Amino acid sequence: MDLQTLDSRILSVAEDCVAGFHRRPFAAVASASGVEESVVLERLKALLEQGRVRRVRQTLLSTSLAEGALVAWKLPEDALHPAFDWLSANDPFTGHIVIRRADPPTAPGADYRLWTTLKVPTGGGSVQEHCRMLARCTGAENWVVMPVVGMFTLGVGHTRRARLQPGDRMPEPPRMQVPQRPQLSEEDWRVLLSLKESLQPHEFVSCPWEARAAAIGMDAERYCRVAESLDERGVIGRFAAFLDHRGAANKHAGTGYAALFHWAVPPGMEERAGAAIGSHICMTHCYWRSGAEEVFGGAQIMGVAHAASREMLDAHKAAMDAYLAEQGIPLLHTVAFRSERAEIRPSEISPVVYAEWRKLHA
């Protein structure tokens, strides 16, 4: 097969289909994609070096490891991009940073144009406290903190979503997951903080964890057993390759347009609505969030979708709205916050790093 077909076959699995911890993660990609492990290693390394893949890493379920929230920021228009740049350069605990524009422009909360995700490591204080520090540094006039009540969908998978049709859904609706905070030992944290770092090209080997274990002075077998225990306790996400979907080389992956959608439904219907929306394969993220009542029209269900065109994005949204109606769930309010500029990266979750950061910015 040609390289583009081969890469698409690998990425369709490698983006978000390898759940949990695997001692040989590239072998897991190989098994699910039907491509030999040596070829998976060769192609993912090449895509990383070309810049089409921006990172390959073991993800963690950070909602179980740190207090976090989606945060919407209100700033003067001329301060939006400077604030974006400051957060990108100075706050490792802010993950996604996106400038968005409300559609329609008269929607509740349309003047909140900067959106971020934030994680505050264990023992570091509250999200509101962290936001107050960021507001002083960026000139934000106000902010809204929207923590997760329940999670329905989290998995990027641009490549396998590229050929979706509006209304395409999973065979069964997702079950809502509620964030939990397990007690972690010092050894657990040593392994977690080692696991989460992006793989470097020289680490594209069958078992990259052997070198990671050696780097922290741990036996490889013990390292893997701790990682497997963490997986059982629900703090390990997936082994994943992340596309640089801003690049022209990835336009074929259907990632050119993105939006954060809000839905408000009658109280008591949030879990049903979240499962209905989250069952649509176009959604890369879907959450029930609190905190948006006053500013954002009472929205509770929030999620992100990507598509190759604005028209296809709108068609996906129309199909989801129609499905809510079909399920007997009234739609009280909805809006699209369309992405204009974005930086997507993992949030730092180390309590040690956070303590040092606070000394500089508190």
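Residues numbered from 1 in each chain as written. Predicted model: local features only at pLDDT ≥ 70, side-chain atom pairs only at ≥ 80, totals over all residues. Heavy atoms only, no water.

A.B. asks: Honestly, the overall build of the protein chain in this entry has me stumped. Any pointers?
C.D. replies: For the protein chain, the helix and strand inventory stands at 12 helices and 12 strands. Taking the principal axes of the C-alpha coordinates as reference, the protein chain spans close to 55 × 50 × 40 Å. Relative to its full complement of 362 residues, the protein chain shows a buried share of 54%. For the protein chain, restricting intrachain contacts to residue pairs at least 6 apart in sequence, the fraction spanning at least 24 positions comes to 82%. In the protein chain, 40 positive and 43 negative side-chain charges are present, and the distance between their average locations comes to 1 Å. (Helix = DSSP H or I, 4+ residues; strand = E, 2+ residues; numbered from the N terminus. Buried < 20%, exposed > 50% of the residue type's maximum accessible area, 1.4 Å probe, protein only. Contact = heavy atoms within 4.5 Å. Lys, Arg positive; Asp, Glu negative; His and termini not counted. Charge placed at Lys NZ, Arg CZ, Asp CG, Glu CD.)

A.B. asks: Would you mind showing me how to read the sheet that holds strand S8 (residues 236-243) here?
C.D. replies: Hydrogen bonds along the backbone pair up the strands of a sheet, which may run parallel or antiparallel. The sheet built from 3 strands is open, its strands ordered S1-S8-S2 with antiparallel pairing. Each having just a single partner strand, strand S1 (18-19) and strand S2 (53-60) make up the two edges of the open sheet. As paired elements, S1 and S8 share 2 bridges and run antiparallel to each other. Considered in S8, the bridge of Ala-19 is made with Arg-238. (Pairing = 2+ DSSP bridges.)

A.B. asks: I would appreciate a short explanation of unusual backbone geometry in the present structure.
C.D. replies: What you tend to see is this: most non-glycine residues have negative phi, and most peptide bonds are trans. In the segment running from Asp-103 into Pro-104, the intervening peptide bond is cis, with an omega of 10°. Along the chain, Pro-104 falls in the loop between strand S4 (94-103) and strand S5 (114-121).

A.B. asks: Explanation requested: the environment of Glu-49 in the structure shown.
C.D. replies: With respect to the helices and strands, the residue Glu-49 is situated in helix H3 (residues 37-50). Classification of Glu-49 as exposed rests on a relative accessible area of 53%. Distance from Glu-49 to Ala-241, taken between C-alpha atoms, is 13 Å for residues 192 residues apart in sequence.

A.B. asks: Help me understand the sheet that holds strand S3 (residues 66-74), please; the structure alone is not making it clear to me.
C.D. replies: Strand order across the open sheet formed by 9 strands is S6-S3-S5-S4-S12-S9-S11-S10-S7, with antiparallel pairing between neighbours. The open sheet has two edge strands with one neighbour each: strand S6 (142-146) and strand S7 (148-154). For this sheet the average axis-to-axis angle between neighbouring strands, irrespective of direction, equals 25°. Pairing between S4 and S5: 4 bridges, direction antiparallel. Bridge pairing in S5 places Val-98 opposite Trp-115. (Axes fitted to C-alpha atoms, helices over the stretch in contact; angles between N-to-C directions.)

A.B. asks: Could you clarify how one ought to interpret the nonpolar core in this entry?
C.D. replies: Nonpolar side chains in soluble globular proteins tend to be buried together. Among the nonpolar cores identified, the biggest contains 44 residues, and Leu-44, Leu-192 and Trp-209 are the most heavily contacted of them. Elements represented by at least two residues in this core include exactly helix H1 (3-14), helix H2 (25-33), H3, S2, helix H7 (186-195), helix H8 (209-215), helix H9 (220-232) and S8. Contact partners of Leu-44, with chain neighbours within four places excluded, come to Ile-10, Leu-11, Ala-14, Phe-26, Phe-204 and Ala-241. In this structure, Leu-87, Met-133, Leu-134 and Tyr-354 belong to the second largest nonpolar core, which totals 26 residues. (Core = buried A, V, L, I, M, F, W, Y, C linked by side-chain atoms within 4.5 Å.)

A.B. asks: Hey, could you run me through the pairing of strand S12 (residues 333-343) in this one?
C.D. replies: On a regular strand, each side chain points to the face opposite its neighbour's, so the side chains alternate between the two faces of the sheet. In this sheet, S12 lies alongside S4 in antiparallel orientation, the contact comprising 7 bridges. Within the sheet, the bridge partner assigned to Asp-103 lies in S12 and is Ala-336. Where strand S9 (residues 257-264) meets S12, 6 bridges bridge the pair, whose relative direction is antiparallel. Note on S12: the bridge partner recorded for Trp-263 is Thr-334.

A.B. asks: Can you walk me through the packing of H1 against H2 in this structure?
C.D. replies: Between two packed helices, what matters for the description is the angle formed by their axes and the separation of those axes. Relative to each other, H1 and H2 sit at 115°, their axes nearing to 9 Å. The crossing of H1 and H2 is right-handed. Counting all contacts with H1, which are made through Arg-9, Ile-10, Val-13 and Ala-14, the residues of H2 involved are Val-29, Ala-32 and Ser-33. A class-by-class count of the residues in the contact of H1 with H2 yields 5 nonpolar, 1 polar and 1 charged. (Left-handed = near helix turned anticlockwise from the far one by under 90°. Nonpolar A, V, L, I, M, F, W, Y, C, P; charged D, E, K, R; others polar.)

A.B. asks: Hey, could you run me through the pattern of salt bridges in this one?
C.D. replies: Note on pairing: side chains with opposite charge can pair once their charged atoms come close. With the rule as written, the count across this model stands at 23 salt bridges. Across the pair Arg-101 and Glu-340 runs a salt bridge, and its minimum N-O distance is 2.7 Å. Separated by 239 residues along the polypeptide, Arg-101 in strand S4 and Glu-340 in strand S12 bring together distant segments of the chain. Judged by its relative accessible area of 41%, Arg-101 falls in the partly exposed class. On the basis of relative accessibility, which here comes to 45%, the residue Glu-340 falls in the partly exposed class. With a closest N to O distance of 2.7 Å, Glu-203 and Arg-212 form a salt bridge. (Salt bridge = Lys/Arg side-chain N within 4 Å of Asp/Glu carboxyl O.)

A.B. asks: Looking at this structure, I do not really get helix H5 (residues 127-138). What am I missing?
C.D. replies: Given 3.6 residues per helical turn, the α-helix brings residues three or four places apart onto the same face. In this model H5 runs 16 Å from its N-terminal to its C-terminal C-alpha over 12 residues, within 8% of the 16 Å that 1.5 Å per residue would give. In this structure, the buried side of H5 is in contact with S3, helix H4 (80-90), S4, S5, S6 and helix H12 (351-361). Phi turns positive one or two residues past the end of H5, at Gly-139, with a value near 80°. (Expected span 1.5 Å × (residues − 1).)

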